[in-house]
Amino acid sequence: MTTDNRGVVQSVWDFFCSLKLSIFLLIGLAVTSIIGTIIPQGPPAPEYLQTISQAKFKIYAALGFFDMYHSWWFLLLLYLLTINLIACSIKRLPRVWKIISEPTLVMDEGFEKSLSLTHEVKVGGEPAALKDRAAAFLRKEFAEPRLTEVDGEYHFFAEKNPYCRLGVYVVHLSIIIIFIGAIIGSLAGYKGYAAIPEGGSVSTIESRSGKQIDLGFAVKCEKFSVSFYDTGAPKEFRSILTVLENGKPVPGYENVKVIVNQPLTYKGITFYQSSYGPTGEGGVFHFTVRERKGGAPVPLTVRQGERASLPGGGTIQVLEATQEVRSVLPQFSGPAARIEVTPPGGSPQPFVVFRDYPKFDEERGGNLIFTYEGADEKYYTGLQVAKDPGVWVVWLGCALMVVGILLAFFLSHKRIWVRVARGRVTMGGTASKNQAGFQLAFDELVDKLKSI
Amino acid sequence: MSSSLLFNVTTICYMVSMLIFFAFLASKNKTVGLAGSLAAYGGFIIQTIAIILRWRESYAIGHGHAPLSNLYESVVFFSWTIVLIYGLIEFKYKYRIVGAFVIPFALLGMAWAQLGLNSGIEPLVPALQSNWLLYHVITCFLGYAAFAVACGISIMYLIKAGKESDSAPAGGLLSMFPSIRILDDLNYRAIMIGFPLLTLGIVTGAAWANYAWGTYWSWDPKETWSLIVWFIYAAFLHARITRGWVGKRAAILSVIGFAATIFCYLGVNLFLSGLHSYGGGR
Ligand code: HEM
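The model shown is predicted, which means the values in this text are computed figures rather than measured ones. (Residues numbered from 1 in each chain as written. Chains lettered and ligands numbered in written order. Predicted model: local features only at pLDDT ≥ 70, side-chain atom pairs only at ≥ 80, totals over all residues. Heavy atoms only, no water.)

Visitor: Got a minute to help me understand the interface of chain B and chain A in this structure?
Guide: A common measure of how large an interface is: the accessible area buried when the components associate. Opposite the 45 residues of chain B that make contact, chain A presents 42 residues. Carbon and sulfur atoms supply 73% of the area buried between chain B and chain A, which totals about 3,800 Å² over both sides. Taken as a group, Tyr216, Trp219 and Phe231 of chain B account for 17% of the area that chain B buries against chain A, more than any other trio of residues on that side. Remark: the boundary between chain B and chain A carries five residue pairs in polar contact (both at pLDDT 80 or more). Those elements giving two or more residues to the side of chain B that touches chain A turn out to be helix H6 (180-213) and helix H7 (221-240) of chain B. Per-element tally for the side of chain B that touches chain A: the top contributor is H6 of chain B, with 15 residues. Taken together, the residues of the side of chain B that touches chain A break down into 34 nonpolar, nine polar and two charged. (Contact = heavy atoms within 4.5 Å. Buried area = accessible area lost by both parts, 1.4 Å probe. Polar contact = N/O pair within 3.5 Å; in protein donor to acceptor, adjacent residues only side chain to side chain. Helix = DSSP H or I, 4+ residues; strand = E, 2+ residues; numbered from the N terminus. Nonpolar A, V, L, I, M, F, W, Y, C, P; charged D, E, K, R; others polar.)

Visitor: Looking at this model, I keep getting lost on helix H2 (residues 19-38) of chain A. Mind explaining?
Guide: An α-helix turns once every 3.6 residues. As a result, residues three or four positions apart point the same way. Residues and elements named next belong to chain A. Between its first and last C-alpha atoms H2 spans 30 Å; for 20 residues at 1.5 Å apiece the expected length is 28 Å, and the two agree. Buried within H2 we find Leu19, Leu21, Ser22, Ile23, Leu25, Leu26, Leu29, Ala30, Thr32, Ser33, Gly36 and Thr37. One side-chain oxygen of the residue at the start of H2 lies 3.1 Å from the amide nitrogen of Lys20, identifying that residue as Ser18. (Expected span 1.5 Å × (residues − 1). Buried < 20%, exposed > 50% of the residue type's maximum accessible area, 1.4 Å probe, protein only.)

Visitor: Is there a simple way to think about the pattern of salt bridges in this case?
Guide: When the charged atoms of two side chains with opposite charge come close together, those side chains can pair. If you walk through the whole model with that rule in mind, you get 24 salt bridges over all chains. Linking Arg355 of chain A and Asp356 of chain A is a salt bridge whose minimum nitrogen-to-oxygen distance equals 3.0 Å. Relative accessible area serves as the criterion here: at 37%, Asp356 of chain A is assigned to the partly exposed category. Put simply, Arg240 of chain B and Asp184 of chain B hold a salt bridge, and the shortest N to O gap is 3.5 Å. Taken together, the residues span a long stretch of sequence, with Arg240 of chain B in helix H7 and Asp184 of chain B in helix H6 at a distance of 56 residues. An identical accessibility class is assigned to Arg240 of chain B and Asp184 of chain B; each is buried. Here the salt bridges do not stand alone but share partners, grouping Glu109, Glu112 and Arg419 of chain A into one network. (Salt bridge = Lys/Arg side-chain N within 4 Å of Asp/Glu carboxyl O.)

Visitor: Can you walk me through the environment of Val149 of chain B in this structure?
Guide: All names here are of chain B. By the secondary structure assignment, Val149 is in helix H5 (residues 132-163). Val149 gets classed as buried once you look at its relative accessible area, which sits at 0%. When the C-alpha atoms of Val149 and Phe105 are compared, they prove to be 8.7 Å apart, with 44 residues separating the residues in sequence. Apart from residues no more than four positions distant in its own chain, Val149 is found in contact with Ile82, Ile85, Tyr86, Ile89, Val102 and Ala190.

The following block contains the structure:
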């Protein structure tokens, strides 16, 4: 390698070891991340496209703004961050490791000058006798000391929390572990969606990228139900699921309740309650009909998409029905159905009937008075399906990060040196954090040292 | 006694505390400063009782959930956490005057909640029916509160540093401020409390999202903004160990960080859309 080359390599290395680069990258990530919270992500909706000009659309698309967190330049920032992180750690870790593994055991004159906290006490007596008292003092008041003898002087070294110096590196490592977990998840896992009608089952699902994925087993939806609070807000979406292997229910996975915040996991694949809807088929609606002029109410059952005949001629058909009418007609609540009644020889009349307002239809003035009794409507349950073998790596990284931050912020590597010479004992100390707090502790130690 | 009455008393306490702190700035009388702190702590105790009462009221009407579920409740809790973190910092470092720049944030929160927000106790929608709500909201808000305190301290720093440019110590009201070196240090200490809490908040949020939806990260605007806030404070932490970035630039980063925090908390719900409909302007 020529000197020139080495110069280039060196400056590239210095560039990646620089903390200024980290600050630039962190702020750069913060600022660019804003874009994706303003511009909708994913395939742009037609309504959104109408609000921006053609030129803007072209620029946004070229820069990857519609999927910006996976755009090349955003990933580049993340790669640079990773390289910066690794380079900085490679450069600094050996020095830190040396402080931990090969501590300075002897405080000589030169080293003493470099310490900001030092104190000397005059004491009478032989160094050899003082030695044991100094050791006992450190052991009692600070930490187990290590003794080195140099030219008839005794040097003690004691320390607390040396490993907290690694906290910062634990944090940095944790970031890389989280990235690894995310990469495992994106390579070996998938996210998908399954819609299962009540009574039906699926054994393949469609992934977000549109691929069909074979689960290797089947999931059956036994039942789906939804309940509401008095206010009309949804209270619970509940699917009852059974896992089937070769068509047979798997013990322990029969009739499992799945609600939001309570998923079902089988063989590393997890099913989350996410949506629901009417299947639009097989629904059965119940009504009662009575004649205005009197007589007992007659129950009536109408199937979805079919006409049923009415007592005394004519037909009835259900146009649409809902479990909760509030969203369409805010002044009402509860289940409702829009039906179409065709009298014999007359023209079809559409109108709405409600379950919770049984007298409502009297006011319509028709010969027949209808009451809606509710539906045995068939629903499908919409489940998010996810497999993510990397998720445990991510959690490991998160745990390490929290531990590392606590080590880095709340523990301090404190070191004390004591030199015992004829007639005087000298103490020096330093801490990796909170020097002011350490000074108080050091002053207290000095007070106690005076009386050894 | 109802919680809403006690919340009104709390608001008045914080108002009184803020006014006394301003008087403290003007009078430089230690007793006045003590009175300011006492008013704030009185308000804090009453607010604590009110939050517990509201929790019980929610059980009494059959909803039964912690008071952390809508915008009103979260603003009240935010204001509580701000006074809590202020109290911790005052207790440990004894710089009472910081209250003059922190209690106004708590007061602002309470006044807005009591005057402008719907205080009804509502049932929990399915997405929020989880213990993760508790862990997530508590850690996030404690973090936000520490950033609020850091922001107050940074504003003090910027005011004092601006006036002190000619190396002559500032007189007048500013003589009550701790020295800019101490303000710089306090700013760092407040962020040292906030950063681990925000990290825990993001982690618990990711854990919850993974548990409820099967993805720990989906770049939803709220998630992204919390990450933006996290990046800014990470930059702050590294700035401090880089020469040339301590002092004024660090204080400015801290103020920007808190502005981003507030946007993450409120702006995202008001201006952007996403999964965290919770806390929206309903
Ligand atoms: C571009 C990537 C990064 C690089 C190159 C980098 C580098 C460094 C360096 C050199 C230190 C000082 C270590 C020492 O005092 O010996 C440090 C401290 C630290 N870093 Fe990073 N870092 C990066 C990203 C991050 C991120 C994303 C976090 C987020 C948690 C983080 C958290 C910390 C913490 C908590 C400290 C301790 C700060 C303190 O003691 O005040 N770092 N970093």
